[in-house]
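Listed below, chain by chain, are the residues.
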Amino acid sequence: MARLAPIPLAGMIAATATFALAATEANAQTTPTCPPETGSACRIDQTQTGEVTGEVNLDVAVGQLTVSNAATGNRVVGGIQSTSGAIVSRQTLTGTVSAGTPINLNGVSEGFVDSTTQAAGNQFQVSTDGATFDADAGQSARGDNVSARTNLHGPSAHILEGGRVATGATANAVAMGGPSTVLTGRVAQASQTTVFAETVADVQYVPAPLTFSADAQANTAQAVTTGASHQDLVINQTNAPSTVEARTSVYVDNAWNLAGRANASANRATLHNSGGSMIADTTQDNQGRVRAYTRVQTNLQGETTAGARAVANEVVAGNNDIYLKLDNTQLNSGGVEATAEYVGVKGYDSYVSAEAAGNSVVGYACSQCGGEVNVNNTQVNNGSVSARYLLP
């Protein structure tokens, strides 16, 4: 995994600009590729054609369990502080990426159970601090699949302190930002691959909060800048005919506070700024199937939650200052389905929710400081959209 270290200039840490790439997260190959001089610009090209697999297989009886399993096709990670810089990044995935975590849990676990399994096709991450930074990031994922699976098998297990079991799969991901930053640039993401995330569990007794989740995304872009900052970004996301699916299926015989959730999205852009103006131009096109399914079953239960959310195209652009300009275009021709199901025998409270949307956009500015919001919005939905919940 890439490690970032400040680069000393003239005997002191005055400014840094450091970027590195990892060919495969599962194989942990790291090669610095960009010069660290102040104000430097660089270009990174990555292509992954082979199979990347991350597998953790556990058969344990422990007091506390922590599991982290990640598989990544192409990854760029970097940081820039107190200077200006620019990067051009091109990432192409034509192979498959998979991460699997089968866990056999035996006996009594007296501690917290924490498991995270992630599969990612292309990742681009930049942290900024007091910097002016321009990014040109292009990502393409066209392999057979990007998939992540977690199976927690403990039909006689007792998890006394509860826990969290999360599974995520993403074809293309961009994340940028930091404090006191001027962030400009372009993000182009294209996906045509099956994206699948699944969490399955079978446990006997849990007298504490326990959450199971699955999250599948084709394209996701995030920019968060704080302090005296400014954003001016263009984001284009396309999901060609394919399937994006998140599934959570959980059975706990006796659960005091249990939650199961599944979230699936084709294109997602999340932009947040504070302390300056924010300008965003977003275009999203989904032609694939997006499906979220959650099933939670208990015999005895105190409080149980089952939730499923599926969205084809989603934009959130918020500025905690006075000015936001947003030009947004969203086209959906794929099917969107969300299903949440709860099956129970005896108990108290149960909450079931299902949400599905073809196109969704939220824009806001500071309401207490005379915020101004200028939006040009076009949304077209030609696909089927359905949400349903099932109760006994």
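Data block above holds the structure.
Keep in mind that this is a model prediction, so the values were computed, not measured. (Residues numbered from 1 in each chain as written. Predicted model: local features only at pLDDT ≥ 70, side-chain atom pairs only at ≥ 80, totals over all residues. Heavy atoms only, no water.)

According to the stated counting rule, one finds 13 salt bridges in the structure shown. Here Arg43 makes a salt bridge to Asp45, at a shortest N to O gap of 2.9 Å. A relative accessible area of 48% places Asp45 in the partly exposed class. The salt bridge involving Arg164 is made with Asp114; its shortest N-O contact spans 2.8 Å. (Salt bridge = Lys/Arg side-chain N within 4 Å of Asp/Glu carboxyl O. Buried < 20%, exposed > 50% of the residue type's maximum accessible area, 1.4 Å probe, protein only.)

Here we take up the state of the cysteines. The final tally for this structure, using the stated rule, is 1 disulfide. Between Cys366 and Cys369 runs a disulfide, and the two sulfur atoms are separated by 2.2 Å. Accessibility expressed as a relative area gives 15% for Cys366, which makes it buried. We classify Cys369 as partly exposed; its relative accessible area is 34%. (Disulfide = S-S within 2.5 Å.)

Take the side chain of Thr270 next. Mapping Thr270 onto the fold places it in strand E17 (residues 243–274). When its relative accessible area of 18% is taken as the criterion, Thr270 is described as buried. Those residues in contact with Thr270 that lie beyond four places of it in its chain are Ala221, Gln222, Ala223 and Val316. (Helix = DSSP H or I, 4+ residues; strand = E, 2+ residues; numbered from the N terminus. Contact = heavy atoms within 4.5 Å.)

With that settled, the discussion passes to the side chain of Thr170. Its location among the elements puts Thr170 in strand E13 (residues 163–179). You can call Thr170 buried: its relative accessible area is 11%. Setting aside its immediate chain neighbours within four residues, Thr170 contacts Ala119, Ala120, Gly121, Val146, Val195, Gln217, Ala218 and Thr220.

Here we take up the environment of Tyr348. Mapped onto the fold, Tyr348 is located in strand E22 (residues 346–365). A relative accessible area of 72% means that Tyr348 is categorised as exposed. Sequence separation between Tyr348 and Gly302 is 46 residues; the distance between their C-alpha atoms is 5.1 Å. When sequence neighbours within four positions are dropped, the list of residues in contact with Tyr348 reads Gln301 and Gly302.

Let's shift gears to the nonpolar core. Ranked by size, the top nonpolar core spans 53 residues in total, and within it Leu65, Leu105, Leu152, Ile159, Phe212 and Leu258 carry the most contacts. At 10 residues, strand E15 (residues 194–226) tops the list of elements feeding residues into this core. Not counting residues within four places of it along the chain, the set of residues in contact with Leu152 comprises Ile103, Leu105, Ile159, Val165, Val200, Ala201, Asp202, Val203 and Phe212. Judged by nonpolar contacts, the second largest core, of 27 residues, contains Val187, Ala221, Leu233 and Leu326. (Core = buried A, V, L, I, M, F, W, Y, C linked by side-chain atoms within 4.5 Å.)

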